[in-house]
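# Analysis of the macromolecular model
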Amino acid sequence: MALHDTPLRYGIVTRTLHWAMAALLAWQFAGMAVRLTVGRAPITSFMVGTHATIGSLLLILLLARLAWAVTHRQRRPAYEAGPVGIAARAAHLAMYALMLVVPALALLRLYGSGRGFAPLGIPLFAPRPERIEWMMAPANAVHGKLAWLLLALIAGHILAALWHRLVRQDDTLARMTGPLSATASAAR
């Protein structure tokens with residue numbers, strides 16, 4: 001498998017970042033679902049206890065993914081022309097924006113709370129005695145709502161990939177999951 005993206009498929013770096021982020025996002029949303037359905041329980045404490053650290057890791061992976069995408073933008077598979085391609089581009093831009101804004105708001109809230117934060121033992125900021133309410137307010141207002149909106153977009157992303165595979169029977173999904181079929185490769 002190629003390291004770099006090509007016009008026919010994504011390379012190992014893009015795929016690794018994509019699937020690592022998918023797994024971590026699944027963990028984040030599973031933790032919140034457990035919290036909402038189970039309430040206070042040891043499993044909830046464990047899953048939700050990793051939320052800030054995983055969120056920070058997701059932000060780092062997103063920045064790496066964006067940097068990789070920008071440097072490889074000429075190599076990547078193109079969106080198809082027409083309304084489907086426009087919708088796909090808009091959905092991807094919205095997902096990327098939310099994957100950036102949601103953890104950024106959470107970090108702003110955490111900093112404003114006065115609590116220190118050292119994900120994976122790496123100190124990002126030290127605790128302070130004072131709280132900064134204006135830093136906490138945006139995340140208190142919309143962090144969760146935007147996260148659930150992100151989940152809805154992710155669900156739409158998954159459904160669109162399945163639609164491409166099962167209804168249109170094209171190789172859009174194979175660009176990220178496996179080799180292109182010989183027929184699709186020959187047709188391009």
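What comes next is a walk through the structure. Model, not experiment: these values are computed from the prediction.

## So, the packing of helix α1 (residues 12-38) against helix α5 (residues 133-168)
- At a closest axis distance of 12 Å, the pairing of α1 and α5 adopts a crossing angle of 125°. In terms of axis orientation, α1 runs oblique to α5. Our pair here, α1 against α5, has a crossing hand that is left-handed. Between α1 and α5, the contacting residues are H18, L25, F29, M32 and L36 on the first element and A147, W148, L150, L151, I154 and H157 on the second.
- Here the residues of the contact of α1 with α5 sort into nine nonpolar, two polar and no charged.

## Looking at the nonpolar core
- Counting 18 residues, the largest nonpolar core has M21, L25, F29, L58, M99, L150 and I154 as the members making the most contacts within it.
- Breaking this core down by element, the ones donating at least two residues are α1, α3 (51-71), α4 (83-113) and α5.
- Ignoring anything within four residues of it in the chain, the contact list for L150 reads L25, F29, M95, L98 and M99.

## Some remarks on the environment of L110
- As for its position among the elements, L110 is in helix α4.
- Judged by relative accessible area, L110 falls into the buried class, the value being 11%.
- Residues L110 and F125, 15 residues apart in the sequence, show an inter-C-alpha distance of 9.5 Å.
- In contact with L110, not counting residues within four places along its chain, are R115, F117 and F125.

What counts and how
- Residues numbered from 1 in each chain as written.
- Predicted model: local features only at pLDDT ≥ 70, side-chain atom pairs only at ≥ 80, totals over all residues.
- Heavy atoms only, no water.
- Axes fitted to C-alpha atoms, helices over the stretch in contact; angles between N-to-C directions.
- Helix = DSSP H or I, 4+ residues; strand = E, 2+ residues; numbered from the N terminus.
- Parallel < 35°, antiparallel > 145°, perpendicular 65-115°, else oblique.
- Left-handed = near helix turned anticlockwise from the far one by under 90°.
- Contact = heavy atoms within 4.5 Å.
- Nonpolar A, V, L, I, M, F, W, Y, C, P; charged D, E, K, R; others polar.
- Core = buried A, V, L, I, M, F, W, Y, C linked by side-chain atoms within 4.5 Å.
- Buried < 20%, exposed > 50% of the residue type's maximum accessible area, 1.4 Å probe, protein only.

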